[in-house]
Amino acid sequence: MLKHLTISNFKLIDHIECDFNAGLTVLTGETGAGKSIILSALITLLEGKPGSDIFHDVNQPVIISAIFSIPQNPAFNSQLNDLGFASDHDEIILRRHISRKSHGGINNRIYLNDQPTTGNTVTSLAAHLIEFVDQHQQQSLRNPREPLRLLDVYGSLLPLKNEYCNLFREYQEHERRLEQWQQKLSEAARQIDYYTHQFTELNDARLDPQEENELLALRRQYQQIGKLQELTREAEEISYSNDSSIIDNCYRLLEIFAELSSRDAEAPRAEETLTGIIDGLQEICKENRNYTARLEIDEQTIEETEERLAVLERLKRKFATDIDGLIELHKELEERVKGWENRDSEKDNLTLELAKKREKMLNAAEKLGRARLEQGEILAQTVTEHLHDLNLDKARFLIESEDVPCSATGKDHITFRFSANPGEAPAPIGNIASGGELSRLLLALKTALAHRYQLPTMIFDEVDTGLGGGTAAAVGRKIADIAKNCQVLTVTHLPQVAAYADQHFIIDKISCPDKEQTKIQLIKIAPEKEQDRIRELARMGSGEEITKEAEEHARALRKEAGK
């Protein structure tokens, strides 16, 4: 729940701090006192969309901070951990610092537990912490999508909905895949003869990524065959065949050093080294002879090599690519040709898989639809009971479900129908003209949701506008009923609602002649100051002049509220 709020330099607020308790907290004050500014500051903290007119003093920053106790919500704790914020404490602190830039514009920084974070993160976390209910939400009930969202929240149907949504996306993706395949098939039908001709031509070429380099090497060889043969003959003569060849001279050296060794023990020992040189030279001679033998290239080999290089060169020019590109094109054309040949089988497989996915999706949609019907009956009955409690004794609230083609939300179109008067057929909420009736319907829905889908804090901003008398007292009872399940803050101008408060703040607007300013102050009525509470309720009921009758009426309201 919301434990503490600090607001500095925000609109008419110079600086205020307040602690909040569990139960029902009311904020009251005269018309125009600025009751909703405090809620506006809290919304700015959580949603972070400040305007340029929020500064009480344009030379000072706006600072808004709030302390929340961490809710017993596994999803919230998991989200905190995923974001890198430890959830081992029992509180989190949100703070926003907004200042003007010297060259225009606004600096807008947000902190979570004194660590910088993003506005999206805070907005996401705030969805688990607090809900604002105001006249804007009354209008949101007229949105055709809102009934389905509220029903899914009330019935805890989000897991079922997510299961369906995953299957719906899978079906859509496979449907797109089939459509893309059919488009490719249509294109292939127009060009299959051309593709087949190209594939056959490349297939007959028997392309090899190494072949061209090998052929070019062979060409370089036979283009200089005469010189190569001349060099190999010379190498043979120098190393072996001449009378004074290197090998012959090495053998003579071997004889000389052998005789030296026999005549003088101190003579160099060269036998091992010379023997190694002779063996190496003989190996060189062997390789040279083998190479010489390979240099005998006949005219047929030359002709075949040139023809093959000409084929490769023509294909490269025709398809404007190199050998690797030709091989890749060959694979692509092979897939197209085989795809065309196997088109009936492929279509059958894709169609069968699509049918399986559609069946799974429809089963999930049917399961979700049944759950919505079941929860819709319970919600309709519950809301109707709450409406009766709100002095709409003859009101009827129905939830109508209509089958529609599957979409991202399922196959159900949900409509809330409402009638406040006997003999009046329930009509879609969008047709409700009375603001008072719409306010009470919203309150009835929120009461039902509060029991099923508990949030730590709910804030009502003048949802009782346009109500009075017994209806106002009924609204007060209903808001107090919600406050039994979660913390409730409400801005109200009705004493019948304020009488149920567990905690009461008065918001007052004062003038500062020396500064030519108007600012807001927040006055907390201490629990032991019951008379102050009575006087505020009397003021709310009678105006500026507080009579004894008004005070008696205020005491009666508190007694009726059980306070």
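Heads up: these notes are all about the structure in this document.

Each value, and the rule that gives it
Residues numbered from 1 in each chain as written. Predicted model: local features only at pLDDT ≥ 70, side-chain atom pairs only at ≥ 80, totals over all residues. Heavy atoms only, no water. Salt bridge = Lys/Arg side-chain N within 4 Å of Asp/Glu carboxyl O. Helix = DSSP H or I, 4+ residues; strand = E, 2+ residues; numbered from the N terminus. Buried < 20%, exposed > 50% of the residue type's maximum accessible area, 1.4 Å probe, protein only. Phe/Tyr/Trp six-rings, centres within 6.5 Å; stacked < 30°, edge-to-face > 60°. Contact = heavy atoms within 4.5 Å. Expected span 1.5 Å × (residues − 1). Arc of directions from axis to C-beta. 1 Å grid on protein atoms, 1.4 Å probe; cavity = no way out; pocket = protein on both sides within 12 Å on 5 of 7 lines; lining within 4 Å. Points joined across faces, edges and corners; volume = space filled by probe spheres on them. Nonpolar A, V, L, I, M, F, W, Y, C, P; charged D, E, K, R; others polar. Pairing = 2+ DSSP bridges. Axes fitted to C-alpha atoms, helices over the stretch in contact; angles between N-to-C directions. Parallel < 35°, antiparallel > 145°, perpendicular 65-115°, else oblique. Left-handed = near helix turned anticlockwise from the far one by under 90°. Lys, Arg positive; Asp, Glu negative; His and termini not counted. Polar contact = N/O pair within 3.5 Å; in protein donor to acceptor, adjacent residues only side chain to side chain.

Points about the pattern of salt bridges
Here is step 1: The full count for this structure, using the stated rule, is 32 salt bridges.
Here is step 2: Between E91 and K3 there is a salt bridge, and its shortest N-O distance comes to 2.5 Å. Taken together, the residues E91 in strand β5 (residues 91-100) and K3 in strand β1 (residues 2-10) connect sequence positions 88 residues apart.
Here is step 3: Using a relative accessible area of 28% as the deciding quantity, one classes K3 as partly exposed.
Here is step 4: Here E259 and R263 are joined by a salt bridge, their closest N and O atoms 3.0 Å apart. On the criterion of helical spacing, the pair formed by E259 and R263 is a turn pair, its members being four residues apart in helix α9 (residues 246-263).
Here is step 5: Put simply, D152, K161, E366, R372, D403, K411 and D412 are held in one network by salt bridges that share partners.

Quick look at the packing of aromatic side chains
Here is step 1: For the structure shown, the criterion picks out four aromatic pairs.
Here is step 2: Ring geometry for Y164 versus F168: centroids 5.9 Å apart, planes at 25 degrees, classification stacked. In this pair, Y164 and F168 both sit in helix α6 (residues 158-205), four residues apart, roughly one turn of the helix. The two residues Y164 and F168 agree in class, both being buried.

Side note on unusual backbone geometry
Here is step 1: Positive phi, normally seen in glycine, also occurs at R206, with a value near 45 degrees.
Here is step 2: Within the secondary structure, R206 sits in the loop between α6 and α7 (211-223).
Here is step 3: For A320, which is not a glycine, the phi torsion comes out positive at approximately 55 degrees.
Here is step 4: As for its position among the elements, A320 is in the loop between α11 (299-319) and α12 (323-341).

Remarks on the environment of V404
Here is step 1: Among the secondary structure elements, V404 is positioned in strand β9 (residues 396-407).
Here is step 2: For V404, a relative accessible area of 30% puts it in the partly exposed group.
Here is step 3: Contacts of V404, omitting those with residues within four sequence positions, involve K411, D412 and H413.

Focus on α11
Here is step 1: With 21 residues, α11 should cover 30 Å at 1.5 Å per step; its first-to-last C-alpha distance of 31 Å lies within 8% of that length.
Here is step 2: Of all the positions in α11, only I302, T305, R308, L309, L312, L315, K316 and F319 are classed as buried. Each buried residue of α11 sits inside an arc of 160 degrees when the element is viewed along its axis, so together they form one side. Along α11, the residues that are exposed and aim more than 90 degrees away from the buried face are E299, Q300 and R317.

Looking at the layout of surface pockets
Here is step 1: Approximately 660 Å³ is the volume attributed to the largest pocket.
Here is step 2: For the largest pocket, the lining is made up of 24 residues, of which A127, I130, E131, F132 and Q137 are closest to its centre.
Here is step 3: For the lining of the largest pocket, the secondary-structure elements that each account for two or more residues are α1 (35-47), α3 (119-126), β8 (130-133), α4 (135-140), α5 (146-154) and α14 (435-452).
Here is step 4: The element that contributes the greatest number of residues to the lining of the largest pocket is α5, accounting for four residues.
Here is step 5: The residue makeup of the lining of the largest pocket, split by class, is 13 nonpolar, five polar and six charged.
Here is step 6: A volume near 490 Å³ is recorded for the second largest pocket.
Here is step 7: Along its surface, the second largest pocket is lined by 16 residues, and W181, K184, L185, E335 and R336 are the ones closest to its centre.
Here is step 8: Looking at the lining of the second largest pocket, the elements that each hand over two or more residues are α6, α12 and α13 (343-389).
Here is step 9: In terms of residue count, the dominant contributor to the lining of the second largest pocket is α6 (nine residues).
Here is step 10: Looking at the lining of the second largest pocket residue by residue, the classes come out as six nonpolar, three polar and seven charged.

Focus on the sheet that holds β9
Here is step 1: Strands sit in the order β9-β10-β11 across an open sheet of three strands; the sheet is antiparallel. Across the chains shown, the open sheet's two edge strands, defined by having one partner strand only, are β9 and β11 (427-428).

Thoughts on empty space enclosed by the protein
Here is step 1: Tallying each qualifying case throughout the model produces one cavity of 30 Å³ or more.
Here is step 2: Its volume calculated, the largest cavity comes out at about 40 Å³.
Here is step 3: If you trace the largest cavity, you find it lined by Q137, S140, L141, E146, L150, L442, L445 and K446.
Here is step 4: Elements represented by at least two residues in the lining of the largest cavity include exactly α4, α5 and α14.

Considerations on the packing of α7 against α11
Here is step 1: One can describe the packing of α7 onto α11 by two numbers: an axis separation of 10 Å at closest approach and a directional angle of 135 degrees. Judged by the angle between their axes, α7 and α11 are oblique. As α7 packs across α11, the resulting crossing turns out to be left-handed. Facing α7, whose interface residues are E211, E212, L215, L216, L218, R219 and Y222, α11 presents T301, I302, T305, E306, R308, L309, L312 and K316.

Things to note about α1
Here is step 1: The terminal C-alpha atoms of α1 lie 19 Å apart, and with 13 residues this matches the ideal 18 Å at 1.5 Å per residue to within 8%.
Here is step 2: The complete set of buried residues in α1 reads K35, I37, I38, L39, A41, L42, T44, L45 and L46.
Here is step 3: Of the residues one or two after α1, G48 is the one with positive phi, at around 65 degrees.

Quick look at the environment of N113
Here is step 1: Tracing the sequence through the fold places N113 in the loop between β6 (106-112) and β7 (115-117).
Here is step 2: Residues N113 and F85 lie 28 residues apart in sequence; the distance between their C-alpha atoms is 8.2 Å.
Here is step 3: When near neighbours in sequence (up to four residues on either side) are disregarded, N113 contacts E91, I92 and I93.

Here's the deal with the packing of helix α17 (residues 530-542) against helix α18 (residues 548-560)
Here is step 1: In the contact formed by α17 and α18, the axes pass within 8 Å of each other and the chain directions differ by 110 degrees. In terms of axis orientation, α17 runs roughly perpendicular to α18. Regarding α17 and α18, the two cross each other, and that crossing is right-handed. Residues E530, Q531, R533, I534, R535, L537, A538 and S542 of α17 form the contact with α18, whose participating residues are A550, E551, A554, R555 and R558.

Quick notes on the side chain of R96
Here is step 1: Examined against the element boundaries, R96 turns out to sit in strand β5.
Here is step 2: The buried charged residue R96 lacks any salt bridge, with E47 as its nearest oppositely charged partner at 9.0 Å.
Here is step 3: Separated by 3.1 Å, the side chain of R96 and the backbone oxygen of T44 make a polar contact.
Here is step 4: Setting aside residues up to four positions removed in sequence, R96 forms contacts with T44, L45, L46, E47, G48, V62, I63, I64, N108, R109, I110 and G119.

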